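Chain by chain, the residues run as shown.
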Amino acid sequence: MNRVVGWSTVAVVVSVVVLFLTLARVSSCADAAPGEGTSSCANAPMLGIAGSWIVGTAGAVVVALSAWQISRATRSSESHED
């Protein structure tokens, strides 16, 4: 049962970190000189578009691996109880 707890912890921690990294955004603003146009601001993902996709995909793979390991450990413990 310790393996189930361990892999569950991995899945939760990875999910939280991936959600933070993919949802966090950064903003930057460029102020125009007085009377010389308009100011502009940009808002983008903290890691960029490509970085967010990479982190999201890697996180999904780790969570899927964790789910597979949890199911294996659960089946293994059930078969040993017989």
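Here the structure is shown first, and the text comes after it.
A brief structural summary. Note that this is a predicted model, so its numbers are computed, not measured.

## Quick word on the overall build of the protein chain
Part 1 of the argument: Along the backbone of the protein chain there are 2 helices and 2 strands.
Part 2 of the argument: The helix and strand sequence of the protein chain, counted from the amino end, reads α-β-β-α.
Part 3 of the argument: Relative to a compact globule of 82 residues, whose C-alpha radius of gyration would be 12 Å, the protein chain shows 22 Å and is clearly more extended.
Part 4 of the argument: Once the C-alpha set of the protein chain is aligned to its principal axes, its extents read approximately 80 × 15 × 10 Å.
Part 5 of the argument: Looking at the 82 residues of the protein chain, the share that counts as buried comes to 15%.
Part 6 of the argument: Within the protein chain, residue pairs in contact and separated by at least 24 positions form 53% of the contacts whose partners lie at least 6 positions apart.
Part 7 of the argument: Roughly 6000 Å² of accessible area belongs to the protein chain as shown, and the carbon and sulfur atoms make up 67% of that amount.
Part 8 of the argument: One finds the centroid of the 4 positive side-chain charges in the protein chain at a distance of 12 Å from the centroid of its 5 negative side-chain charges.

## Focus: helix α1 (residues 2-23)
Part 1 of the argument: The end-to-end C-alpha separation of α1 is 32 Å, in line with the 32 Å expected for 22 residues at 1.5 Å each.
Part 2 of the argument: Listed in full, the buried residues belonging to α1 are V4, A11, V14 and V18. Seen from one end, α1 has its buried residues packed into an arc of 105 degrees, which puts them on one side. The exposed set on the far side of α1, more than 90 degrees from its buried face, consists of N2, V5, V12, V16 and F20.

## Quick look at the packing of aromatic side chains
Part 1 of the argument: Under the counting rule described, the total for this entry stands at 0 aromatic pairs.
Part 2 of the argument: Here the basic side chain of R72 rests over the ring of W68, its NZ or CZ set 5.1 Å away from the ring centre.

## Details of a nonpolar patch on the surface
Part 1 of the argument: On the surface, F20, V26, M46 and L47 cluster together into a nonpolar patch covering about 360 Å² of accessible area.
Part 2 of the argument: Position of V26 relative to the elements: it lies in strand β1 (residues 25-30).
Part 3 of the argument: Of the residues examined, V26 reaches a relative accessible area of 43% and is grouped as partly exposed.

## Focus on the environment of A44
Part 1 of the argument: Note on placement: A44 falls in strand β2 (residues 40-45).
Part 2 of the argument: Residues in contact with A44, not counting those within four places in the same chain, are A24, R25 and V26.

Parameters at a glance
Residues numbered from 1 in each chain as written. Predicted model: local features only at pLDDT ≥ 70, side-chain atom pairs only at ≥ 80, totals over all residues. Heavy atoms only, no water. Helix = DSSP H or I, 4+ residues; strand = E, 2+ residues; numbered from the N terminus. Rg over C-alpha atoms; globule rule 2.2 N^0.38 Å. Buried < 20%, exposed > 50% of the residue type's maximum accessible area, 1.4 Å probe, protein only. Contact = heavy atoms within 4.5 Å. Areas by Shrake-Rupley, 256 points an atom, 1.4 Å probe, with all protein chains shown as cover. Lys, Arg positive; Asp, Glu negative; His and termini not counted. Charge placed at Lys NZ, Arg CZ, Asp CG, Glu CD. Expected span 1.5 Å × (residues − 1). Arc of directions from axis to C-beta. Phe/Tyr/Trp six-rings, centres within 6.5 Å; stacked < 30°, edge-to-face > 60°. Lys NZ or Arg CZ within 6 Å of the ring centre and 35° of its normal. Patch = residues over 30% accessible without salt bridge, like charges linked within 9 Å, V, L, I, M, F, W, Y side chains within 5 Å. Salt bridge = Lys/Arg side-chain N within 4 Å of Asp/Glu carboxyl O.

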